[in-house]
Amino acid sequence: MRIKENNVIDALLTELTGTLERLSVVYGELVEIAKTKHACLISCNIEELETLIYAERNKAELAQLLEEKRQRIIRRYCEKQGLKVREISMSKMMDKREELHGNTWRTLVDRLTKSMVELQRLNEMNTALTHHSLEITEDIIDIFCPPVFKHSVYKNTGKMKEKEVSRVLVDTKI
């Protein structure tokens, strides 16, 4: 019976290794998508940006599924070992299973961590670029369409805000 339990645990650990490898690949692909997205934002390549957003969404969904699978494996491992899920971490598992999977897991977790940090950095830059672009667009609209036209003409009191309305360069709706 003990040999069968060890085989089940080894199978779970092997499955965990495979899942971590796939997660590592997916996060690497997400980093590459974020880099390309950054270049598209700078060059205003909207068509490619749209394609990248769909690809990014698909990769993010795959990463979510893989993470859920990793968590299921950890739960089953804890059940077989008689541990509570809250008591186990990848670090503890790496230390406990050093001889078989520990070094591989260390490499994969390190790669995943680096990818996540890089992905966060790129997404922050892309967010800043997007916000900057929107601010410039709003400023351009303000040049052609004064702020008096962008908001309600009346205050809460029901009286007009300004007596004189600025002239608008473009007389179409924006």
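Cut-offs used in this document
Residues numbered from 1 in each chain as written. Predicted model: local features only at pLDDT ≥ 70, side-chain atom pairs only at ≥ 80, totals over all residues. Heavy atoms only, no water. Helix = DSSP H or I, 4+ residues; strand = E, 2+ residues; numbered from the N terminus. Buried < 20%, exposed > 50% of the residue type's maximum accessible area, 1.4 Å probe, protein only. Contact = heavy atoms within 4.5 Å. Core = buried A, V, L, I, M, F, W, Y, C linked by side-chain atoms within 4.5 Å. Salt bridge = Lys/Arg side-chain N within 4 Å of Asp/Glu carboxyl O. pLDDT = per-residue confidence, 0-100.

**Notes on the overall build of the chain**
Counting its regular elements, the chain contains five helices and zero strands. Helices and strands in the chain line up, N terminus first, as α-α-α-α-α. Looking at the chain residue by residue over its 174 residues, the buried ones come to 25%. Put simply, of all contacts in the chain between residues at least 6 apart along the chain, 63% involve residues at least 24 apart.

**Some words on the nonpolar core**
Grouped together as the largest cluster of nonpolar side chains are 26 residues, with contacts concentrated most on L16, M93 and W105. Mapped by element, the contributors of at least two residues to this core are α1 (2–43), α2 (46–81), α3 (90–96) and α4 (98–144). The element contributing the most residues to this core is α1, with eleven residues. Each residue touching L16, except ones within four places of it in the same chain, is listed here: R70, I73, I74, M90, M93 and W105.

**So, the environment of G28**
Position of G28 relative to the elements: it lies in helix α1. As for G28 and S115, which are separated by 87 residues in sequence, their C-alpha atoms are 6.0 Å apart.

**Notes on the pattern of salt bridges**
One pass over the structure, following the stated rule, counts eight salt bridges. Across the salt bridge formed by E56 and K37, the nearest N and O atoms sit 2.7 Å from each other. In this pair, E56 sits in helix α2 while K37 sits in helix α1, placing the two residues 19 residues apart along the sequence. Given the relative accessible area of 16%, E56 is considered buried. Classification of K37 by relative accessible area gives buried; the value is 13%. Two residues, E67 and R70, come together in a salt bridge whose shortest N-O distance is 2.6 Å. In this pair, E67 and R70 are both assigned in helix α2, three residues apart and thus about one turn of the helix distant. A single network of salt bridges, built from pairs that share partners, joins E15, K69 and R76.

**Some points on unusual backbone geometry**
Despite not being glycine, C44 shows a phi value in the positive range, around 60 degrees. A relative accessible area of 57% means that C44 is categorised as exposed.

**Brief notes about the confidence of the model for the chain**
For the chain, mean pLDDT is 82; residues scoring 70 or higher make up 79% of the total. Averaged pLDDT values for the elements of the chain fall to 56 in helix α5 (residues 147–150) and rise to 94 in α2.

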